[in-house]
Amino acid sequence: GRLPAGLEGPRAPSSEESRSTTGGMARWPGSLVRPLRSGLSIARGSIGGSSGGGGGDSGGSSKGGGSIFDRLLGAPAKPDPFYVRYCPALSWEDRVLGFLACLVIGYALTITSLFSYTALIHGNPAPFALRYSLGNLLAICSTAFLMGPQAQIKSMLEPQRFYATTVYLGAIVATLVSALVLRMPSLVVCCICVQFLAMLWYGLSFIPYGRKILGRMASWLFGL
């Protein structure tokens, strides 16, 4: 009842062969296995620590900086730059909220400055000038939340907006000096008018043909 020799299935190893194989694995040099295990455990701990702090490299950097290889080699952790500590990356929702907050507060200060117009007439131009100038600054800086401060400065210094930006910032400084130092209401009113015209000219640069349309309307009104 036995099968031919070529059709027999795989032969189960004998007990002696099993003991010899197990003994060979047991006699594997421990000096080669232990360093490998320790290195894997260190790598797992480093990766787990960097990813468990809030998602990938951002969690590890928020706890003191330094890459995984620096921690594996025992190098001292490098402190994060100041812009990472004090100016964290904002989400789109945070940018929109910052833009709306600055815009609303700026326009509120500009509108409420009109309530100090009586004090301006009676020789106290400081409240009117401070509210109006600060409101305009907040309104124009609100777009920095959407496009970033660096892009905002580059946009303000572009050739088509450079003169409007220079006149606008100079008018703000002149308004504050006229109100706080010179205390001349008439000069404050003139500087605020320059502020308004410069900001209007600056804003029209973002509208296609806005400046040309305003120029034609002014020439039609004044018969130029």
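A quick note: this is a predicted structure, and the numbers were derived from the prediction, not measured. Every chain is numbered on its own, with residues counted from 1 as its sequence reads. A pLDDT threshold of at least 70 governs which residues receive local features in this predicted model, and a stricter bar of 80 or more applies before side-chain atom pairs are shown or counted, although totals over entire chains, interfaces and linings include all residues. Where side-chain values are given, they derive from all heavy atoms of the structure, hydrogens and water being excluded.

Moving on to the overall build of the protein chain. Helical segments are the DSSP runs of H or I of at least four residues, strand segments are the runs of E of at least two, and each set is numbered from the N terminus. When helices and strands are tallied, the protein chain shows 13 helices and zero strands. Ordered by position from N to C terminus, the α and β elements of the protein chain give α-α-α-α-α-α-α-α-α-α-α-α-α. Across the 224 residues that make up the protein chain, the buried fraction comes to 22%. What makes two residues a contact is simply this: any of their non-hydrogen atoms within 4.5 Å. If you take every contact in the protein chain between residues at least 6 apart in sequence, the share linking residues at least 24 apart comes to 55%. With the model as given, the accessible surface of the protein chain reaches about 16,000 Å², and the carbon-plus-sulfur share is 71%. Note on exposure labels: buried denotes an accessible area under 20% of the residue type's maximum, exposed denotes more than 50%, and partly exposed covers the range between, all computed with a 1.4 Å probe on protein chains only. For the area figures, the Shrake-Rupley method with a 1.4 Å probe applies, and any residue is considered shielded solely by the protein chains shown.

The subject of this paragraph is the packing of helix α11 (residues 159–182) against helix α12 (residues 185–204). Only the contacting stretch of a helix is used when fitting its axis, a line to C-alpha atoms as for every element, and angles between N-to-C directions run 0 to 180 degrees. The contact between α11 and α12 brings their axes to 8 Å, and the two run at 160°. Judged on the interaxial angle alone, α12 and α11 are roughly antiparallel. Crossing of α11 against α12: the hand is left-handed. Here Arg161, Ala164, Thr165, Val167, Tyr168, Ala171, Ile172, Ala174, Thr175, Ser178, Ala179 and Leu182 of α11 lie close against α12, whose contacting residues are Leu187, Val188, Cys191, Ile192, Val194, Gln195, Ala198, Met199, Trp201 and Tyr202. We call Asp, Glu, Lys and Arg charged. Ala, Val, Leu, Ile, Met, Phe, Trp, Tyr, Cys and Pro are nonpolar, and the rest, Gly among them, are polar. Among the residues making up the contact of α11 with α12, the classes are represented as 17 nonpolar, four polar and one charged. For classification purposes, angles smaller than 35 degrees are called roughly parallel, those larger than 145 roughly antiparallel, those between 65 and 115 roughly perpendicular, and all remaining angles oblique. If you view the pair so one helix is near and one far, a crossing is left-handed when the near helix is turned anticlockwise from the far one by less than a right angle, and right-handed when it is turned clockwise.

Salt bridge, as applied in this entry: a Lys or Arg side-chain nitrogen positioned within 4 Å of an Asp or Glu carboxyl oxygen. Here the structure, examined in full by the defined rule, presents one salt bridge. As a salt-bridge pair, glutamate 158 and arginine 161 come within 2.6 Å of each other at their nearest N and O atoms. A relative accessible area of 7% means that arginine 161 is categorised as buried.

A score from 0 to 100, pLDDT tells how confident the predictor is in each residue. Averaged over every residue, the pLDDT of the protein chain is 74; the share at 70 or more is 60%. Averaged pLDDT values over the elements of the protein chain bottom out at 41 in helix α3 (residues 57–62) and peak at 94 in α11. Predicted confidence for residues 46–65 stays below pLDDT 50, and this span has 26 contacts to residues more than four positions away or in other chains.

Turning our attention to the packing of aromatic side chains. Think of it this way: a Phe, Tyr or Trp ring, Trp meaning its six-membered ring, pairs with another when their centres are within 6.5 Å, and the plane angle makes it stacked under 30 degrees, edge-to-face over 60, tilted otherwise. Tallying each qualifying case throughout the model produces four aromatic pairs. Considering the side-chain rings of tyrosine 117 and phenylalanine 128, the 6.0 Å spacing of their centres and the 75° angle between planes classify their relative orientation as edge-to-face. Residue tyrosine 117 is found in helix α7 (residues 117–121), and its partner phenylalanine 128 is found in helix α8 (residues 126–141); the two are separated by 11 residues along the sequence. Ring centres of phenylalanine 128 and tyrosine 132 lie 6.0 Å apart, and the angle between their planes is 20°; on these two criteria the pair is classed as stacked. Placement of both phenylalanine 128 and tyrosine 132 in helix α8 is noted, with a separation of four residues, approximately one turn of the helix. Site record: aromatic cluster; members linked through ring pairs are Tyr117, Phe128 and Tyr132. The ring of phenylalanine 206 has arginine 161 lying over it, and the distance from NZ or CZ to the ring centre is 3.9 Å. Any Lys NZ or Arg CZ that is within 6 Å of a ring centre and within 35 degrees of that ring's normal is treated as a charge sitting over the ring.

Tracing the sequence through the fold places leucine 137 in helix α8. Separated by 35 residues in the primary sequence, leucine 137 and cysteine 102 have C-alpha atoms spaced 9.3 Å apart. Among residues more than four places away in sequence, those in contact with leucine 137 are Tyr168 and Ile172.

A separate point is α12. The terminal C-alpha atoms of α12 lie 29 Å apart, and with 20 residues this matches the ideal 28 Å at 1.5 Å per residue to within 8%. Of the residues making up α12, those classed as buried are Val188, Cys191, Ile192, Gln195, Ala198, Tyr202 and Leu204. Buried residues along α12 sit in contact with α7, α8, α10 (149–156), α11 and α13 (210–222). Here the expected length of a helix is defined as 1.5 Å per residue gap, with one fewer gap than residues.

Before going further, it helps to examine a nonpolar patch on the surface. A contiguous nonpolar surface patch, about 670 Å² in accessible area, is contributed by Leu130, Val173, Val177, Leu180, Val181, Leu182, Met184 and Leu187. Among the elements that line the nonpolar patch, the one with the most residues is α11, at five residues. Examined against the element boundaries, leucine 182 turns out to sit in helix α11. Given the relative accessible area of 44%, leucine 182 is considered partly exposed. Only residues above 30% relative accessible area that lack a salt bridge enter a patch, with like-charged residues linked at up to 9 Å and the nonpolar side chains Val, Leu, Ile, Met, Phe, Trp and Tyr linked at up to 5 Å.

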